[in-house]
Amino acid sequence: MSDTNINTKYVVFKIDNEYYGIDISNVKSIERVQYFTRVPNSPLYIKGVINLRGEVVPVIDLRLRFELTHKEIDSNSRIIIVFVNDIEIGLLVDSSSEVIEINSEDIDSPPMVKDNAAEVFIKGIGKQDGKLIILIDIEKVIGIKEIEQVG
């Protein structure tokens, strides 16, 4: 067994019937959905901003960011608050389920599918207990320049 195998913890959430994971070192908290204030002239996938304990936090609708179909917010919907490059941002997801640990040897490279918008956001595919978990590259998902204009 190699000493280069590293276990990393991921916050796992669902969009449609797929599981996604974000490195837990980027996650600050998981919040229930609250009232959004729309920001004029922002990209469509930016749901708006929320007031989170006195801080204004932009929120990205990951369904729209991944070019998936719209879904109404329900009681399972959550906002995952992440920190990337000193920017705090919320990610609207269908539900958030658990924190898991994945060994680096159980992570495959992302599939090469031409013209797949979501592909550019995928860092790898984790495998655990028969589940495939799409590990996302949070910096690419956020699009730092676009968020700085909103926040």
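To be clear, the structure that these remarks concern was listed above.
Residues numbered from 1 in each chain as written. Predicted model: local features only at pLDDT ≥ 70, side-chain atom pairs only at ≥ 80, totals over all residues. Heavy atoms only, no water.

**Looking at the sheet that holds strand 4 (residues 46-52)**
Spatially, the five strands line up as an open sheet ordered 3-6-7-5-4, and their pairing is mixed. Here the strands that pair on one side only, and so sit at the sheet edges, are strand 3 (27-32) and strand 4. Pairs of neighbouring strands in the sheet enclose a mean axial angle of 30 degrees, with direction left out of account. Alignment of strand 4 against strand 5 (residues 55-61), held across six bridges, turns out to be antiparallel. Each bridged residue has a counterpart across the sheet, and for I46 the counterpart in strand 5 is I60. (Pairing = 2+ DSSP bridges. Helix = DSSP H or I, 4+ residues; strand = E, 2+ residues; numbered from the N terminus. Axes fitted to C-alpha atoms, helices over the stretch in contact; angles between N-to-C directions.)

**Topic: the sheet that holds strand 11 (residues 131-136)**
Across the sheet, six strands lie side by side as 8-1-2-11-10-9; this open sheet has mixed pairing. Two strands lie at the open edges of the sheet, namely strand 8 (95-103) and strand 9 (107-108), each paired on one side alone. Pairing geometry for strand 2 (residues 18-23) and strand 11, over three bridges, is parallel. Paired with G21 across the strands is L135, a residue of strand 11.

**Describing the pattern of salt bridges**
Summed over all chains, the structure comprises seven salt bridges. Linking K71 and D74 is a salt bridge whose minimum nitrogen-to-oxygen distance equals 2.9 Å. Its relative accessible area of 30% is what places K71 among the partly exposed residues. Exposure remark for D74: the relative accessible area of 33% places this residue in the partly exposed category. In this structure, E98 and K131 form a salt bridge, with 2.8 Å as the shortest nitrogen-oxygen distance. (Salt bridge = Lys/Arg side-chain N within 4 Å of Asp/Glu carboxyl O. Buried < 20%, exposed > 50% of the residue type's maximum accessible area, 1.4 Å probe, protein only.)

**What to know about the environment of L64**
Here L64 is to be found in helix 1 (residues 62-65). For L64, a relative accessible area of 28% translates into the label partly exposed. Between the C-alpha atoms of L64 and P43, which are 21 residues apart in sequence, the distance is 10.0 Å. Apart from residues no more than four positions distant in its own chain, L64 is found in contact with L44 and Y45. (Contact = heavy atoms within 4.5 Å.)

**Notes on the nonpolar core**
Ranked by internal contacts, the top residues of the largest apolar core, which has 25 residues, are F13, I22, L62, I80, V82 and I136. The residues contacting I80, other than those within four sequence positions of it, are V11, F13, I22, V27, S29, I30, I89, G90, L91, V93 and S96. Counting residues in hydrophobic clusters, the runner-up holds eight residues, among them F36, L52, V59 and L92. (Core = buried A, V, L, I, M, F, W, Y, C linked by side-chain atoms within 4.5 Å.)

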